[in-house]
Each structure stands twice: as C-alpha cells, then as structure tokens.
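Commentary on secondary and tertiary structure
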Amino acid sequence: MAQGLDISIVVPLFNEEESLPELVAWIDRVAQANHLTYEVIMVDDGSTDRSWEVVEQLATKYPTLRGIAFRRNYGKSAALYCGFEAAEGEVVITMDADLQDSPDEIPELRRMILEEGYDLVSGWKKKRYDPIGKRWPSKFFNATARFVSGIKLHDFNCGLKAYRKKVIKSIEVYGEMHRFIPILAKKAGFKRIGEKVVEHRARKYGYSKFGLERMVKGYLDLISVMFMSHFGRSPMYLFGSLGTLMFLLGGGTTIWVIAAKLWKQAHGLPLRGVTEQPLFYLAILAVVLGVQLFLAGFLGEMINRNSTDRNKYLIDRTL
C-alpha cells in the first residue's frame with residue numbers, strides 16, 4: 001500500500017458476512033465524496049462463517065481494501081493490534097463491522113485530529129439502541145474508568161475512534177485492553193484526548209458477540225491496565241515496597257514480642273510464652289509475606305528485562 005494516505009480504517013470482525021459489503025461500499029462513498037485517499041484494513045478474528053470469503057471478493061472490487069485473517073479467534077484487542085501494525089494512513093480510524101458505527105462520522109473525526117490538534121478522538125454513543133441490561137452496567141463501568149483514569153470520556157469502549165498515526169504506533173493493545181486505549185494513550189504521553197457524539201445505529205444483521213461477562217472482564221482489565229501503566233516496567237516499585245514494609249513491620253513486631261518477654265522475665269513479672277501469643281504468629285506471617293512480595297517484585301524485574309514481544313498472533317492469510 002502506498003504511503004501518504006489520508007486515512008486508514010481498521011475494522012475488526014467476527015462472523016459479520018452480511019454487513020461487510022454494505023459497510024465497505026458506505027466507506028467508499030464517504031471517502032470519494034470528501035476526496036480522501038484511504039485504505040480499509042479488515043481483520044478477520046477467526047470467523048466461522050463466510051466472512052473471509054466476502055473480504056476476498058470485496059478486495060477484487062475495491063483495491064483499497066486489505067485483509068488479515070487469524071487462524072483462530074484471538075479477540076478484538078489482537079485484531080486491533082495487527083490492524084494498527086499494518087495501517088499507513090495519516091489518521092487511523094477504528095469502527096466495528098456490524099454497521100452500528102456510521103462511516104459518515106469519518107470526515108469530522110479526521111478534522112478534529114488534524115485541525116483541532118487531538119491525538120485521539122473517541123466516539124460517544126449518547127443515544128444507544130442497546131437493551132437496558134447492557135446500558136446501565138456500561139454507564140457504571142465508564143464512570144469507574146473516568147474516576148480511576150482522570151480521562152473525561154463518556155464511552156471508553158466505543159469502537160468508533162480516530163487516532164493520530166503516531167499514537168497507534170506507540171501503544172501496545174493486548175489481552176482485552178481495547179476497552180482502555182485512551183488510558184494506554186495517555187500513559188504513553190498523548191494527553192490531547194477528545195470526544196465526539198456519534199450516531200449509534202440499531203444492529204441490522206446478526207447478533208452481538210459480547211455478553212454480560214465482558215463487564216467482569218472489563219473491571220479486571222481496568223485493574224490490570226492501571227497496574228501496568230504505573231508499575232508494568234518496574235514491578236519492584238510496588239512489590240518491593242510492600243514486601244519491605246511488611247517485612248519490617250513483622251520483624252519489628254517479632255523483636256518487640258521477644259524483647260517484652262525477656263524484660264518481664266528479668267523483672268520477675270507474669271508472662272506468657274512467645275509461641276502462645278497470636279501476635280507472634282501474625283508477625284511471622286508478615287515477615288514471610290514480605291519476603292514473598294519482595295521476591296515477586298525481583299522476579300518480575302528479571303522477567304521484564306528479558307521478555308520478548310508478547311504480541312504474537314498466528315496470521316493465516318493476508319491480502
């Protein structure tokens with residue numbers, strides 16, 4: 001693909017064969033109407049329907065379409081990671097393949113990046129067509145993410161986002177971290193993060209591939225991303241500090257218990273055996289946990305220093 005493209009559109013997909021022709025045609029109409037040079041990178045995340053065959057057929061009609069197919073399902077983060085690696089556009093836009101994101105938003109998202117100076121613009125589906133059982137947990141989750149990260153976005157998980165190219169080349173999206181790309185971008189030094197109200201369309205084909213279990217995963221991932229952001233490069237700062245504190249607290253308490261017994265014994269005062277005091281066992285437990293935490297931090301540092309790229313995905317075919 002030639003350099004100097006105006007936009008790259010990364011579309012992760014899983015079993016969306018019905019919507020792909022309409023989506024690509026819509027993107028092409030928008031790009032042509034706004035005189036944009038573009039590429040569409042479709043990443044098939046191990047679909048079990050005819051999605052990849054449809055992508056191959058569309059590629060013969062639209063030379064701007066590129067495809068990546070995984071041998072199995074890795075998840076949306078893996079699809080975005082590989083799409084970001086392949087993207088060459090000045091502005092990179094992500095959107096879902098189910099037609100719930102409108103390509104008509106692309107020109108304005110690009111303008112906000114180039115003219116208003118944002119590093120990242122996230123969509124906000126202010127009016128949603130999801131059932132209430134999905135909307136309210138999402139609101140609670142987003143409120144928690146805002147509080148923890150300090151980023152004032154209403155919808156962290158919106159699939160429709162625009163990025164300056166250097167942003168997507170500077171962050172690592174792995175596991176289930178696609179929900180927290182704004183946080184990853186901020187921690188990488190890209191602090192101009194904006195938001196745009198976007199249209200949320202009712203699903204036209206198929207069904208949602210995400211259930212309520214993603215809320216549980218979302219909170220666990222939020223803890224993970226905050227930990228990795230602060231201590232991912234130096235786990236010893238956390239584990240070593242906690243371990244040292246617990247070791248000193250437990251060791252000091254142990255010494256105090258033994259010293260108190262010796263003092264009472266020397267002065268002929270009533271006393272209890274050291275091993276008869278629950279405080280002694282709590283102190284020993286603190287010492288053991290302190291050593292374990294310190295060693296965990298030490299091992300984390302060693303693994304981090306010698307680790308290789310974790311983001312390896314088995315790509316089966318490309319276009």
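Only a predicted model underlies this, so the values are computations on that prediction, with no experimental measurement involved.

Taking 1.5 Å per residue, 31 residues should reach 45 Å; helix H9 (residues 236–266) reaches 43 Å between its end C-alpha atoms and fits that length. Along H9, the positions that sit buried rather than exposed are Met-236, Gly-240, Gly-243, Gly-250, Gly-251, Thr-253, Thr-254 and Val-257. Positive phi shows up at Gly-268, right after H9, with a value of about 70°.

Bringing helix H4 (residues 106–115) into the picture now. Note: α-helices contain 3.6 residues per turn, so residues at a spacing of three or four share the same orientation. Listing the buried residues of H4 in full gives Ile-106, Leu-109, Arg-110, Met-112 and Ile-113. The buried residues of H4 all sit within an arc of 155° when viewed along its axis, so they share a single face. Turning to H4, the residues buried within the fold contact strand E1 (7–13), helix H1 (20–33), strand E4 (91–94), strand E5 (120–124), strand E6 (161–164) and strand E7 (193–197). The positive-phi residue at the C-terminal boundary of H4 is Gly-117, with phi of around 80°.

Among the structural elements, Asp-44 can be located in strand E2 (residues 38–44). Within the local environment of Asp-44, its side chain forms a polar contact with the side chain of Ser-47, the two groups lying 2.6 Å apart.

Scanning the entire structure with this criterion turns up 3 aromatic pairs. Measuring from ring centre to ring centre gives 5.5 Å for Phe-280 and Tyr-281, while their planes differ by 75°; the resulting arrangement is edge-to-face. On the accessibility criterion, Tyr-281 (46% relative accessible area) is partly exposed. Positioned over the ring face of Tyr-118 is Arg-192, at 5.0 Å from the centre of the ring.

Following both chains from N to C, one finds H1 and helix H2 (residues 51–61) inclined at 35°, their axes separated by 10 Å at the closest point. Of the two possible hands of crossing, H1 and H2 adopt the one that is right-handed. Between H1 and H2, the residues in contact are Leu-20, Pro-21 and Val-24 and Ser-51, Val-54, Val-55 and Leu-58, respectively. Within the contact of H1 with H2, the residues separate by chemical class into 6 nonpolar, 1 polar and no charged.

Another aspect to go through is a nonpolar patch on the surface. A surface patch of nonpolar side chains, about 860 Å² in accessible area, is lined by Phe-247, Leu-248, Val-291, Phe-294, Leu-295, Phe-298, Leu-299, Met-302 and Ile-303. Of all the secondary-structure elements, those providing two or more residues to the nonpolar patch are H9 and helix H10 (278–306). Counting through the fold element by element, Leu-295 comes out in helix H10.

In this section: the environment of Leu-289. Relative to the helices and strands, Leu-289 resides in helix H10. A C-alpha to C-alpha distance of 9.7 Å links Leu-289 and Thr-244, two positions 45 residues apart in sequence.

Attention now moves to the pattern of salt bridges. This structure, assessed with the given rule, holds 12 salt bridges. For Glu-39, the salt bridge identified is with Arg-66, shortest N-O distance 2.8 Å. You can see Glu-39 sitting in strand E2 and its partner Arg-66 sitting in strand E3 (residues 65–70), a full 27 residues away along the chain. With relative accessibility at 0%, the residue Glu-39 sits in the buried group. Between Arg-50 and Glu-53 there is a salt bridge, with the nearest N and O atoms lying 3.3 Å from each other.

Of all 6 residues making up E3, 5 are buried, and the element is well covered by its neighbours. When E2 meets E3, the two strands line up parallel, connected through 5 bridges. Within E3, the residue paired with Asp-44 across the bridge is Ala-69. Between E2 and its parallel partner E3, the chain crosses via H2, and the hand of that crossover is right-handed.

Rules and cut-offs
- Residues numbered from 1 in each chain as written.
- Predicted model: local features only at pLDDT ≥ 70, side-chain atom pairs only at ≥ 80, totals over all residues.
- Heavy atoms only, no water.
- Helix = DSSP H or I, 4+ residues; strand = E, 2+ residues; numbered from the N terminus.
- Expected span 1.5 Å × (residues − 1).
- Buried < 20%, exposed > 50% of the residue type's maximum accessible area, 1.4 Å probe, protein only.
- Arc of directions from axis to C-beta.
- Contact = heavy atoms within 4.5 Å.
- Polar contact = N/O pair within 3.5 Å; in protein donor to acceptor, adjacent residues only side chain to side chain.
- Phe/Tyr/Trp six-rings, centres within 6.5 Å; stacked < 30°, edge-to-face > 60°.
- Lys NZ or Arg CZ within 6 Å of the ring centre and 35° of its normal.
- Axes fitted to C-alpha atoms, helices over the stretch in contact; angles between N-to-C directions.
- Left-handed = near helix turned anticlockwise from the far one by under 90°.
- Nonpolar A, V, L, I, M, F, W, Y, C, P; charged D, E, K, R; others polar.
- Patch = residues over 30% accessible without salt bridge, like charges linked within 9 Å, V, L, I, M, F, W, Y side chains within 5 Å.
- Areas by Shrake-Rupley, 256 points an atom, 1.4 Å probe, with all protein chains shown as cover.
- Salt bridge = Lys/Arg side-chain N within 4 Å of Asp/Glu carboxyl O.
- Pairing = 2+ DSSP bridges.
- Right-handed = clockwise from strand over helix to strand, strands pointing away.

All we've got here are geometric facts, nothing functional implied.
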